[in-house]
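Results of the structural survey
The primary structure of each chain is shown beneath.
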Amino acid sequence: MNYEAVIGLEVHVQVKTNSKVFTRVATGYGHEPNTLTDPVVLGLPGALPVMNKAALDAIIKAGLLLGCEIAPVCKWDRKNYFYPDSPKNYQISQYDQPICLGGAVEIELPGSARNVMGEHKKIPLTRIHLEEDVGKLNHGATDSLVDYNRAGTPLMEIVSDPAMQTAEEAYAYLTSLRATMIYGGISDCDMEKGQLRCDANISVRPVGQTKLGTKVELKNLNSISFVRDGIAHEIKRQLGLIERGGTILQETRDYDGMTGTSQSLRTKEEAHDYRYFPDPDLMPVTVDAEWKQRLQAECPELPFDKQRRFVEQYQLPYTLTSVLVWDRGLADYFEETVKISGAGKAQAVGNWIANDLLRELGNARLPLAESKVRPAHIADLVALVEAGTVLTNAAREIFVEMFATGDKPGAIAERRGLKAAPTDAGELEQWCRDAIAANAKALAEFKAGKDSAINAFKGPVMKAGKGKANPKLVDETLRRLLASM
Amino acid sequence: ALGQAAASDARRTAGQARGPLDGIPMGLKDVIAVTGQPLTASSKMLANFVSPYDATVTTRLKQAGAVLWGRLNCDEFAMGSSTENSAFHPTGNPWDTTRVPGGSSGGSSAALAAGEAIATLGSDTGGSIRQPAALCGVVGLKPTYGLVSRYGLVAFASSLDQIGPFARTVEDAAIVLGAIAGHDERDSTSFKTPIPDYRSQLGAKRGPWKLGIPKEYFGEGLDPEIGAATQKAIAFYEAQGCEIREVSLPHTQYCLDTYYIIATAEASSNLARYDGIRYGHRSKNAKDIVDLYYQSRAEGFGAEVKRRIILGTYVLSSGYYDAFYLRAQKVRTLIRQDFLNAYKEVDALITPTSPVPAFKIGEKTDPLALYLCDIYTIGVNLAGLPGISVPCGFTKSGLPIGLQLIGQPFQEANLLAIANEYERGHEWHLKTPNL
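Not measured: the values here are computed from a predicted model.

**Some thoughts on the overall build of chain B**
Along the backbone of chain B there are 14 helices and 10 strands. Relative to its length of 435 residues, chain B is compact, with a C-alpha radius of gyration of 21 Å against a globular reference of 22 Å. Counting across all 435 residues of chain B, residues that qualify as buried make up 60%. Expressed as a percentage of contacts within chain B between residues at least 6 apart in sequence, the contacts between residues at least 24 apart total 74%. As displayed, chain B has an accessible area near 15,900 Å², and 53% of this comes from carbon and sulfur atoms.

**Considerations on helix α7 (residues 224–239) of chain B**
Residues and elements named next belong to chain B. Taking 1.5 Å of rise per residue, the 16 residues of α7 would be expected to cover 22 Å, and the 22 Å separating its terminal C-alpha atoms lies within 8% of that figure. All of the buried residues along α7 are Ile226, Gly227, Ala229, Thr230, Ala233, Ile234, Phe236 and Tyr237. Against β6 (210–214), β7 (243–247), β8 (348–352), β9 (387–394), β10 (400–406) and α14 (412–424) lie the buried residues of α7. The opening residue of α7, the one whose side-chain oxygen lies 2.7 Å from the backbone nitrogen of Glu225, is Asp223.

**As for unusual backbone geometry**
For the peptide bond that leads from B:Gly103 to B:Ser104, omega is 10 degrees, which places it in the cis range. As for its placement among the helices and strands, B:Ser104 is situated in the loop between β2 (67–72) and α3 (106–113).

**Here's the deal with the packing of helix α7 (residues 318–325) of chain A against helix α9 (residues 346–364) of chain A**
All names here are of chain A. Running from N to C, α7 and α9 cross one another at 55 degrees; their axes reach a closest spacing of 10 Å. It follows that α7 is oblique to α9 by the angle criterion. For the element pair α7 and α9, the recorded crossing hand is left-handed. Contacts between α7 and α9 involve Leu320, Val323 and Leu324 from the first element and Gln347, Gly350, Asn351, Ile353, Ala354 and Leu358 from the second. The residue makeup of the contact of α7 with α9, split by class, is 6 nonpolar, 3 polar and no charged.

**Examining the confidence of the model for chain B**
Looking at chain B as a whole, its pLDDT mean stands at 96, while 100% of the residues score no less than 70. Across the predicted assembly, pTM comes out at 0.90 and ipTM at 0.95.

**Here we look at the interface of chain B and chain A**
With 39 residues of chain B at the contact, the number on the chain A side is 33 residues. For the pair chain B and chain A, the two sides together bury roughly 2,700 Å², of which 58% comes from carbon and sulfur. On the surface where chain B and chain A come into contact, there are 2 salt bridges. With a closest N to O distance of 3.9 Å, A:Arg24 and B:Glu185 form a salt bridge. At 4 residues, the largest contribution of residues to the side of chain B that touches chain A is made by helix α8 (residues 255–270) of chain B.

**Side note on the sheet that holds strand β5 (residues 90–93) of chain A**
Spatially, the 3 strands line up as an open sheet ordered β5-β4-β16 (chain A), and their pairing is antiparallel. Strands with a single pairing partner mark the edges of an open sheet, and in this sheet they are β5 and β16 (277–278) of chain A. Bridge analysis of strand β4 (residues 77–80) of chain A against β16(A) gives 2 bridges, and the strand direction is antiparallel. Paired with A:Asp77 across the bridge in β16(A) is A:Pro278. In the packing of α8(B) onto the sheet, contacts are made with β4, β5 and β16 of chain A, and the angle to β4(A) comes to roughly 60 degrees.

**Section: the packing of aromatic side chains**
The description of an aromatic ring pair uses the distance of the two centres, along with the angle that the planes make with each other. Overall, the coordinates contain 30 aromatic pairs over all chains when judged by the stated rule. Ring centres 6.4 Å apart and planes at 85 degrees place the aromatic pair A:Phe22 and A:Trp76 in the edge-to-face group. A residue pair is termed long-range when its members are at least 10 positions apart, and A:Phe22 in the loop between β1 (3–14) and α1 (39–42) and A:Trp76 in the loop between β3 (73–74) and β4 qualify at 54 residues. The pair A:Phe22 / A:Trp76 is uniform in exposure class, with both members buried. Here the aromatic rings of B:Phe77 and B:Tyr274 are separated by 4.9 Å at their centres, their planes lie at 45 degrees, and the arrangement is tilted. Taken as a pair, B:Phe77 in the loop between β2 and α3 and B:Tyr274 in the loop between α8 and α9 (289–300) lie far apart in primary sequence, 197 residues in all. Under the relative-accessibility criterion, B:Phe77 is labelled buried at 2%.

**Section: helix α1 (residues 2–13) of chain B**
The first and last C-alpha atoms of α1(B) sit 16 Å apart over 12 residues, in line with the 16 Å expected at 1.5 Å per residue. Among the residues trailing α1(B), B:Gly15 stands out with phi positive, at a value near 70 degrees.

**Digging into the packing of helix α5 (residues 170–180) of chain B against α14(B)**
Residues and elements named next belong to chain B. Two numbers describe how α5 lies on α14: the axes approach to 9 Å, and their chain directions differ by 160 degrees. In terms of axis orientation, α5 runs roughly antiparallel to α14. Here α5 contributes Val170, Ala174 and Leu177 to the contact with α14, which in turn contributes Glu412, Leu416, Ala419, Asn420 and Glu423. A per-class count over the contact of α5 with α14 returns 5 nonpolar, 1 polar and 2 charged.

Rules behind the numbers
Residues numbered from 1 in each chain as written. Chains lettered and ligands numbered in written order. Predicted model: local features only at pLDDT ≥ 70, side-chain atom pairs only at ≥ 80, totals over all residues. Heavy atoms only, no water. Helix = DSSP H or I, 4+ residues; strand = E, 2+ residues; numbered from the N terminus. Rg over C-alpha atoms; globule rule 2.2 N^0.38 Å. Buried < 20%, exposed > 50% of the residue type's maximum accessible area, 1.4 Å probe, protein only. Contact = heavy atoms within 4.5 Å. Areas by Shrake-Rupley, 256 points an atom, 1.4 Å probe, with all protein chains shown as cover. Expected span 1.5 Å × (residues − 1). Polar contact = N/O pair within 3.5 Å; in protein donor to acceptor, adjacent residues only side chain to side chain. Axes fitted to C-alpha atoms, helices over the stretch in contact; angles between N-to-C directions. Parallel < 35°, antiparallel > 145°, perpendicular 65-115°, else oblique. Left-handed = near helix turned anticlockwise from the far one by under 90°. Nonpolar A, V, L, I, M, F, W, Y, C, P; charged D, E, K, R; others polar. pLDDT = per-residue confidence, 0-100. Buried area = accessible area lost by both parts, 1.4 Å probe. Salt bridge = Lys/Arg side-chain N within 4 Å of Asp/Glu carboxyl O. Pairing = 2+ DSSP bridges. Phe/Tyr/Trp six-rings, centres within 6.5 Å; stacked < 30°, edge-to-face > 60°.

Shown next, in the form of structure tokens:
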């Protein structure tokens, strides 16, 4: 019997706001323990929560970006359970009337080759709701310490339908979701800082069966890679159990990314009754059309949409768009440059950015915003190469200096004598004739209609010209000669 | 306190007195936070807790120049009707110190009646201001839910709690209310409504009024002397030109049950934070974290508090939520609707405040018997309405009797005027106990 896996992901994303979700204390990471606190954070007697509007804006925006329905009215509920990282021993969350319903995350699976776009799917979401984060526990040998700096940070819980089938899909889901949240300015999604956390629910069933199998919850998946590995491991574990005639126990398991193993944390019998009830300290929230419209106007184009548009509008190859779109700043920089250069130069512009600019930024460990090379610089350089004023190799050198100094490419070319030497037309024609004569096979192919055969002649011509021949002239000359043969 | 008093004197000498409350010594029920003062809620759980912050009402009283001194005893976590549930000691009623002052704000009413403060603050969840006011022969007001901020009030039942004043006269109560009432951005349940000058509004000629007598409030269990005093008060209003009508609040019989489901549910959650981890009592006998929770809370909480936490947890638990909590909330809407329907015909309601006068300390041992002390006050909290108790007589044995007036939402000015009308025609409020 063939089995299939069914996977659902619960992702917690910390919202990037100045202050916590229910009180005006700063959010932050890495601070001195228990300094980002006040009576509300610590759950002192008499403290009361007050809603943070920026957190609501962020989650509504996230919902709009993911195509969710924004509930016209939503409310807040108390999730009651005792744990030392929870100051009130209840967490303010949303139970049956969350702020976002439905929606979907578009994912891209790996293609057959690196330069081939893989299959796209939309993974439906069940809901997104807002809640408060808890503190952080540090376990020692004989005691534990708790730091409440994180307690009260606004947290979005994004719940997918159990609609994924492979660990690869889960991986793709997380990278897409993460990129979308960063794009929208909603979160930095740094998993090392706990800004994005993921639990997976995994079950298996015979292919064709609609009823879901017993699900296992997998926790402690600390990186996107661990999510993929952990899920793969769990699917294998469940299938192995079934093969040996065992039954899957409904439980929560803890995955250890280092060893690639998991162990049981707790079983269904020990599952909590959270005794949800509406929080009497907070009013329901009404989101009207005007509020939604205001936030919709702030929503950026999504990465995959942008990628599709780049392919169509600028005729860019898939791999190039993959490099350009995932950093929103980079994509904007690209389009600014193209605006100056003209759409016809989009691919050249794209290549300079994807290859040279990113390389230089990486080497210098500089963020794009601090680059001395601005769109106009690149546009100038592209124009110079296009006109034949500088050759490609020289242009590469110019770029490096441009990055270091911020000088204009034309000035650099002048100063360093990097302009292409004018080619003697007669010499050039001779090199071309020689190249054609030396390669009868290429000549035959070209005559037969294979245009790319012309490239076989260019190498020898450039060699003869010691790399300084203007490629455009070379091409023109070759074609003229070939046409007459 | 002496420092506060000296500062007030200085202001007064400089002609910069802040208003009627400047320099007035006031005590606050030990559930209201004052920076640097203990906030014990009369519980072993918080016996060592000192508040690092001010409740909003505290801030407002300080701004008004009041001298805040004395933490006033109460039933533990405001759960009780006699102050006998205080973890530390009961409080004696100044009119007969072998008897209870009422509860849960028994300390607030007793201190006032004994002349230890000019005015005090208490909190009222099911009658905990009005009932002790009645038993101690003073004025006690529970504002409309949402009028006074709950920020800094140790939460018992979030949808029922309100802070309110105890005072010797209706006018004094109006003054204190004016100082503490009004929207607070730190309390999301506080209401945005303009606050009138309650005190000067007392002078404005209002009335005569249409007053309703809820027939369900005069049945079994009402002490005959209290019943008689109430009837006399009704006759007084009639003589002033008020129209008296009998009204019906048909869901009255469900008030106690509804209250004890909703209040305990909210309390079970509000009191979860008391675990000894961040503050408060932490058991020394614990072996691990679960044990720490069990022991600290077993040691820190008294019997009545535990009883209510257990009941509240039960009514919220899986499989029972719909039958109890959800249903109780629906009945609550009906209870509120009863009052609002009555207000289509009348301006306010008159009832006794407490069915019994002050009973002996230790007399009522059955918790359910104590719950019955609240039958006339509890519906007012469920409906979120304002209510005031004013002294309206004494029993033959010299124990105070209180008259309750129940008003319309956010109509405290009118309610105070109605109460003031009664007070102007009587001298009960001038009597003081022999201590």
